[in-house]
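Fold and geometry: a report
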Amino acid sequence: MGTINEQAAIWQREADELYEPIRWLPFWRPRIVVKRGRFSPWFWPFLWLTKSGAFNLFFLVIVSEDLLGCPPSHRRAIIAHECGHLSRLHFLIWAAAGAVVLKNTAIRSGFAWIGAHMGPWVAVGAFALFLLSSLIGFRALLCWFEHQADDYAVARVGPEATVAALSWLKASLFGGEKSPWLDARINRLRLLHDLAQ
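The structure reproduced in this document is the subject of the present report. Computed from a prediction, not measured in an experiment: that's the story for all the values here.

Below, the discussion takes up the environment of Ser-52. In this structure, Ser-52 sits in the loop between β1 (31-35) and β2 (54-57). Spatially, the C-alpha atom of Ser-52 lies 9.3 Å from that of Ser-172, the residues being 120 residues apart in sequence. Separated by 3.4 Å, the side chains of Ser-52 and Ser-64 make a polar contact. Reaching out from Ser-52, the side chain makes a polar contact with the side chain of Asp-66 at a distance of 2.7 Å.

As a further point, take helix α6 (residues 159-174). With 16 residues, α6 ought to run about 22 Å at 1.5 Å a step, and its terminal C-alpha atoms sit 22 Å apart, in line with that. Tucked inside the fold, the buried residues of α6 contact α2 (72-87), α5 (120-157) and α7 (180-196). Just downstream of α6, Gly-175 is the residue with a positive phi angle, here 60°.

So, on to the sheet that holds strand β3 (residues 60-64). Strands sit in the order β1-β3-β2 across an open sheet of 3 strands; the sheet is mixed. Since the sheet does not close on itself, it has two edges, and those belong to β1 and β2, each with one partner. Each strand axis lies, on average, 25° off the axis of its neighbour in the sheet, ignoring direction. Bridge count between β1 and β3: 5 bridges; the pairing is parallel. Looking at β3, one finds that Val-34 is bridged to Val-63. Along the sheet, helix α1 (residues 4-18) contacts β1 and β3; its crossing angle with β1, the most-contacted strand, is approximately 145°. The strands touched by α2 are β2 and β3; relative to β2, the strand with the most contacts, the crossing angle is about 20°.

With that settled, the discussion passes to the layout of surface pockets. In this approach the atoms are scanned with a rolling probe the size of a water molecule, which exposes any empty space left behind. Computed from the structure, the largest pocket encloses a volume of approximately 1,100 Å³. Contributing to the lining of the largest pocket are 33 residues, with Phe-46, Ala-54, Phe-55, Leu-142 and Glu-146 lying nearest its centre. Its residues assigned to classes, the lining of the largest pocket comprises 21 nonpolar, 8 polar and 4 charged.

Reading the values: rules and limits
- Residues numbered from 1 in each chain as written.
- Predicted model: local features only at pLDDT ≥ 70, side-chain atom pairs only at ≥ 80, totals over all residues.
- Heavy atoms only, no water.
- Helix = DSSP H or I, 4+ residues; strand = E, 2+ residues; numbered from the N terminus.
- Polar contact = N/O pair within 3.5 Å; in protein donor to acceptor, adjacent residues only side chain to side chain.
- Expected span 1.5 Å × (residues − 1).
- Contact = heavy atoms within 4.5 Å.
- Pairing = 2+ DSSP bridges.
- Axes fitted to C-alpha atoms, helices over the stretch in contact; angles between N-to-C directions.
- 1 Å grid on protein atoms, 1.4 Å probe; cavity = no way out; pocket = protein on both sides within 12 Å on 5 of 7 lines; lining within 4 Å.
- Points joined across faces, edges and corners; volume = space filled by probe spheres on them.
- Nonpolar A, V, L, I, M, F, W, Y, C, P; charged D, E, K, R; others polar.

Encoded structure:
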């Protein structure tokens, strides 16, 4: 099986192979970072919420230590999926969307105007509605990004390997219990594969 560094080197070689460079950023390549335990890596606290998995951040593919030794065909599909996120610049879109929601002066001014002219409870209601619609929008964006990354993985390693990797992840992470998020992605890919035949 090899040491953690040897396994990470295999992931790195395959990421270099599976990543399709962005035309105007040809020198940027994904870099594999190993997540060891719950509080690593230190620079992305969101990863602390989950012990296991593969994630992307800017041009990093972050892989939990337990996922390093997964079967090679699953490894290639997982890497291809994360490379799909990176090559489609999803991290930039997330950063821009977050900046619009959190740092937009026009939005804050709008709530202040509502509060001054219609009362504080109307402003609170408008803010709650804004938060709800933002969450729905972020969820839709997340689904779209996951579908794009799945499609990228299908193009790079094939539909069977991608579905097998998702099924393996579901069994590994959730112990065979239902996972609506992964089930929907698996069913979508199976349907697209059946339609293509």
